[in-house]
Structure formats: C-alpha cells, structure tokens
Amino acid sequence: MLDIEGLTSHYGRIQALDGVDLTVGEGELVALVGANGAGKTTLLRCVSGVQPVTGGRVLFEGKDITRASPHTRVALGIAQVPEGRQMFGPLSVEDNLRLGAVRRKGPKVADDLERMYERFPILKEKRRQPAGTLSGGQQQMLAICRALMSHPRLLLLDEPSMGLAPLLVREIFDTVARLKEQRTTLLLVEQNAHAALGIADRGYVLETGRMVLTDTGPRLLSNDRVKEAYLGL
Amino acid sequence: MPPVLVELLQFLFSGLASGAIYALVALGFALIYNASHIINFAQGEFVMLGGMVTWVLLSQGIDLPLAILGAVAVTMVAGLALEKLAIERARDANVVTLIIITVGAGIFLRGLTSVTLGKDLHALPAFSGNAPIDIAGATLMPQSLWILGVTAAIVVALHVFFHYTVVGKAILAASHNPLAARLVGINVNVVLLLSFGLSALLGAVAGILIAPITATHFEVGIMLGLKGFAAAILGGLGSGPGAIVGGLLLGVIESLGAGYISSDYKDAIAFVVILGVLFLMPRGLFGKRGTERV
Ligand SMILES: Nc1ncnc2c1ncn2[C@@H]1O[C@H](COP(=O)(O)OP(=O)(O)O)[C@@H](O)[C@H]1O
Ligand SMILES: [Mg+2]
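Residues numbered from 1 in each chain as written. Chains lettered and ligands numbered in written order. Predicted model: local features only at pLDDT ≥ 70, side-chain atom pairs only at ≥ 80, totals over all residues. Heavy atoms only, no water.

### Section: the environment of L179(B)
By secondary structure assignment, the location of L179(B) is in helix α7 (residues 178–184). Once the C-alpha coordinates of L179(B) and A42(B) are considered, the two residues, 137 residues apart in sequence, prove to be 27 Å apart. Setting aside chain neighbours within four positions, we find L179(B) in contact with R45(A), V50(A) and Q86(A). (Helix = DSSP H or I, 4+ residues; strand = E, 2+ residues; numbered from the N terminus. Contact = heavy atoms within 4.5 Å.)

### Topic: the layout of surface pockets
In this model, the second largest pocket occupies a volume close to 910 Å³. Lining of the second largest pocket is provided by 34 residues; of these, V50(A), R91(B), D92(B), R182(B) and V188(B) occupy positions nearest its centre. Of all the elements in the fold, those that place two or more residues in the lining of the second largest pocket are α2 (70–76) of chain A together with α1 (3–36), α4 (95–117), α6 (166–176), α7 and α8 (188–214) of chain B. Among the elements that take part in the lining of the second largest pocket, α8(B) stands out by supplying four residues, more than any other. (1 Å grid on protein atoms, 1.4 Å probe; cavity = no way out; pocket = protein on both sides within 12 Å on 5 of 7 lines; lining within 4 Å. Points joined across faces, edges and corners; volume = space filled by probe spheres on them.)

### Structural notes on the coordination of the magnesium ion (ligand 2)
Residues and elements named next belong to chain A. Those protein atoms acting as donors to the magnesium ion (ligand 2) are T41 (OG1) and E83 (OE), and they sit at 2.0 to 2.2 Å. Residue T41 is found in helix α1 (residues 40–48), and its partner E83 is found in the loop between β6 (78–81) and α3 (93–100); the two are separated by 42 residues along the sequence. T41 gets classed as partly exposed once you look at its relative accessible area, which sits at 21%. (Donors = N, O, S within 2.8 Å, 3.2 Å for Na, K, Ca; no water. Buried < 20%, exposed > 50% of the residue type's maximum accessible area, 1.4 Å probe, protein only.)

### Concerning the side chain of S255(B)
Residues and elements named next belong to chain B. Structurally, S255 is set in helix α10 (residues 240–261). Of the residues examined, S255 reaches a relative accessible area of 7% and is grouped as buried. Within the local environment of S255, its side chain forms a polar contact with the backbone oxygen of F11, the two atoms lying 2.5 Å apart. Excluding its chain neighbours within four sequence positions, the residues that come into contact with S255 are F11, L12, S14 and G15. (Polar contact = N/O pair within 3.5 Å; in protein donor to acceptor, adjacent residues only side chain to side chain.)

### As for the UniProt feature "transmembrane region" (unreviewed entry) in chain B
All names here are of chain B. UniProt feature "transmembrane region" (unreviewed entry): in the numbering of this structure it lies at residues 12–32, 39–58, 64–82, 94–112, 145–167, 188–214 and 268–286. As a span, residues 39–58 carries 80% helix and 0% strand, and end to end its C-alpha atoms are 32 Å apart. Taken end to end, residues 64–82 is 100% helix and 0% strand, and its two terminal C-alpha atoms sit 27 Å from one another. (UniProt positions renumbered as here; feature names shortened; annotations may be inferred.)

The structure is reproduced here in structure tokens:
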C-alpha cells in the first residue's frame with residue numbers, strides 16, 4: 001500500500017534521511033523504531049507531504065505521490081497523528097474532531113463523531129472545552145480520533161505514547177491493536193521499541209537517517225543488536 | 001444637558017465613527033497576520049481603492065449601490081491578485097521579505113491609481129443625505145450612522161463566519177497550528193487567499209464608508225492604513241476583538257485630543273499610541289498569551 005524508495009530529505013544543509021526504503025502492505029501494522037534524532041518524524045512528514053523530499057519516491061497504492069500536496073494525500077486516505085499531538089488549542093474538542101473530516105463531505109460526519117464519543121466518553125464530556133485545556137492523555141486520544149475522522153486507509157502515528165503515564169500508554173497501545181483488528185493499515189513510530197515491536201507484524205530500525213534493519217516484529221525483538229541498542233537488555 | 005457634556009458627546013460621536021473605520025482596517029491587518037504572520041502594508045491601499053473606484057464608477061453614471069459593489073469587487077480582485085501573484089510565489093521566503101513585498105504592492109497600487117484615475121481629491125455623496133440628527137443637543141451625521149451600522153453588521157457577520165462555519169474554523173485552525181492544519185487536509189494556500197480577499201473587502205468597505213466625510217484621493221490609504229495599524233497594535237496584533245476595541249479607542253482618543261488639545265495633533269496621536277503600546281505593553285490590550293498545555 002505504501003512504498004518508499006530511496007527517500008532523501010534535508011533541513012537546509014543538514015541531511016535527515018539518506019536513501020530510505022520502506023513498505024507497508026495493506027492491513028499491516030509496521031513499527032519504525034530508532035533513537036532520538038534518527039529521522040523517524042522526518043520520514044512521516046515526507047509521507048504526509050509537509051516536508052520537502054530531495055530524492056527518491058513515495059508511492060501510495062502504486063501511485064507516485066512524491067510531489068502531491070498534503071491535502072491531496074489526506075483525500076487519498078493518508079492521515080497522521082503528529083508528534084506532540086498538535087491540537088488546535090483554542091478550538092473546542094468537537095471542532096478539532098470536525099476539522100479532522102474537512103476533506104470529507106456529507107452527513108456521516110455526525111455519526112463518526114458519535115462513534116468517537118462512544119469510544120472515548122471523556123471527549124464527549126469535554127466536547128465544548130478548548131482542546132488546549134485537556135490533559136496530555138486526553139489530547140493524545142483526541143489527536144488519534146481527529147486523524148480517524150478522515151477515514152484513513154493508512155494511519156501514521158508518531159510517538160503516540162510519548163510523555164504519558166504507564167496506564168495511558170497501555171490504553172494507546174490497546175487502541176492501536178484495535179485499529180489493526182479493524183484492518184486499518186498502520187505505520188507506528190515509537191521510541192518504546194519493546195511495546196511497538198511486540199504488536200507489529202514487521203519492524204524497521206532507523207539509525208541517523210539510514211535504514212539498518214528490517215524483519216518481523218518478533219524476530220527484531222530477539223535480535224541482539226536491537227536488544228542492546230533499543231531494549232536496554 | 002450642560003454645554004460641556006454636549007461637547008463631549010459630540011467628540012465621542014465623531015471619534016466612534018472614525019474609530020469604526022480604523023477597526024475595519026485593523027481587522028484586515030489581523031486576518032492576514034493570523035493566516036501568515038505577514039503585516040500587509042498594502043492594507044491602506046485597499047481602503048483607497050474602495051473610495052476611488054466607487055468615485056470613478058459614479059462619475060460614469062452608475063448608481064451608488066452598484067458602484068459600491070463594483071468597487072468592492074475590484075478591490076477584492078486586487079487583494080486576491082496580490083496573494084496569488086506575489087505572496088504565494090514567494091511563500092518560502094521569510095516573513096520580512098513578504099512584508100516588503102506588501103510595501104511594494106502598496107506603492108504599485110498607489111502609482112497605478114494616480115496614473116489611471118488622477119491625483120485629484122473627490123468627494124462621494126453621503127448615502128442618505130446630510131441632514132444632521134440631533135441627539136441630546138449634539139449632532140450626528142447620517143453617514144456616521146451608516147459607518148457604525150455597517151461596521152456592526154460586519155463584526156456580527158465575521159463572528160458567525162469564524163464560529164459557525166467550517167471554512168471559518170479552518171482559517172482559525174490554520175492560524176493556530178499551520179502544521180496540524182496541513183495534516184488534516186486544510187489547503188493553507190486557499191486559507192491565505194481567502195484572508196487576502198476578506199481583508200480587501202474590509203478595506204474597501206472602510207474606504208467607501210469614510211469617503212463622503214473625508215473625500216477620497218490616491219494617497220488616503222497611507223494615513224488610514226497607519227491608523228488601522230495603530231489600532232491593531234493597540235488591541236493586540238492578530239486579535240479580532242482587539243482590532244475592534246483598538247479601533248474605537250483610537251478614534252475616541254484622537255477625537256478627544258483634537259477637541260480638547262488641538263486638532264493639529266490629531267494625526268500625531270496614532271503614532272504616539274503605536275510607540276506607547278510598543279514600549280509599555282507590546283502585546284496590546286487583547287494580545288495572545290500562551291494558553292496551550294503541553
Ligand atoms: N526543523 C528542523 N530543522 C533542522 N533540523 C531538524 C529539524 N527537525 C529535525 N531536524 C534534524 O533532523 C534529524 C532527524 O530528526 P527527526 O526526524 O525529528 O528525528 P526523530 O523523529 O527520529 O527523533 C535530527 O538530526 C534533527 O536534528
Ligand atoms: Mg520524532
């Protein structure tokens with residue numbers, strides 16, 4: 001479904017990605033792990049079209065989208081839950097959700113809202129409050145729901161468990177697992193390599209802009225190099 | 001009423017009328033600033049175009065309502081063209097460069113107007129005559145009522161637009177968090193285009209409303225643009241309510257200053273306000289404070 005070929009990206013003269021290859025098949029949950037600064041966020045930003053690509057290609061369902069605008073990609077079915085949640089802080093919880101559906105039309109939006117509220121009742125309770133007043137965990141749930149409002153075929157998640165208490169981390173991973181059961185295709189970026197590789201079909205390891213390892217989730221978990229560098233074993 | 005109070009009321013009337021004009025111009029600054037952090041120094045030229053194009057259409061024998069519509073349309077086209085042809089193409093440049101582009105665009109619009117429409121001063125007819133209305137001994141011109149009424153209607157319309165429509169909320173979202181806006185699929189180029197179009201509309205309306213009182217001329221935009229900018233700074237750059245309060249306050253301060261001190265100082269007051277606000281409270285009255293929890 002997603003094919004990344006030889007992807008290169010720069011911030012000015014600093015090279016953040018150097019010839020990265022990655023594929024995500026339909027219905028797959030793929031984890032991308034790597035240390036801070038490895039280029040994981042940059043990779044997701046390239047897939048969403050908010051970061052200039054300096055080389056290589058991004059294909060979505062066989063179609064070259066390397067130069068497509070971000071809103072075109074959302075319409076095609078790519079949504080992202082960005083690092084740091086990126087709320088529309090002063091706007092209400094409900095407005096944040098509705099804006100997640102800007103690329104979709106029709107009355108179905110109200111049904112989707114109801115479904116989100118059913119899954120996370122706290123969002124319903126706080127739906128008139130500014131999103132910026134929610135706790136970190138609630139904001140993360142809202143960020144995920146906002147992305148789901150676009151009915152993505154491919155969901156990109158950038159460190160959704162970052163900075164959350166263990167109980168909330170569990171809830172996030174449960175949510176990700178449930179999305180996988182519902183056949184949403186997922187690319188999950190995590191520094192919490194253990195949890196991410198534990199639920200992933202396949203995993204990739206990124207080091208300073210280069211892809212150094214790829215294998216199935218379980219095999220990466222037992223890989224010595226991964227154990228040493230990312231699992232602290 | 002004692003004459004002192006009548007006099008005060010008179011100053012307040014004229015201050016609120018010009019203040020409403022400054023508020024409209026300030027709202028134009030706020031819209032574009034929020035969408036892009038650009039301070040659009042061509043904002044005053046939208047005001048000028050509104051008045052000048054209305055005059056030229058009237059002089060061709062077109063009725064006032066139609067002339068007004070035509071002038072608003074022409075000004076909006078100028079605003080959209082400025083964004084499409086100059087700002088959007090230089091979008092990756094830094095904000096200072098973009099601001100300089102607006103300064104250049106302002107000079108261009110002024111030059112173009114003086115070449116095509118001339119350098120004369122033109123008065124527009126008042127919309128509903130010049131018979132003064134007596135209120136508690138003070139007089140209010142019908143045109144001032146038009147200014148206050150239209151401004152109030154626009155403020156209500158903007159409120160509805162930004163709080164109850166998806167497009168309005170998308171513009172707010174893009175100004176609060178451009179990255180998140182792009183990730184949910186908001187086309188930020190369209191947002192920028194809309195804000196230039198809307199700012200041009202506000203400027204044109206301001207220019208048309210004030211032209212029967214102060215007359216219009218290819219250079220009126222310089223001073224009205226600066227006053228609108230002062231009002232925006234006073235209210236807090238980027239704040240809608242701030243622009244309105246800042247505009248009305250500046251108009252009243254100016255009118256009281258001109259009335260009680262000397263009308264020689266009228267125009268200087270706006271500059272004193274800009275400097276005072278920048279030194280004493282750089283965020284203005286309604287400036288943004290961080291409310292986001294991280
Ligand atoms: N806005 C930026 N400007 C300059 N360099 C950046 C910027 N964002 C990231 N980088 C650099 O790009 C590299 C990859 O960063 P990032 O993709 O954020 O890594 P990760 O998400 O894996 O922590 C890092 O070396 C980082 O310093
Ligand atoms: Mg990151």
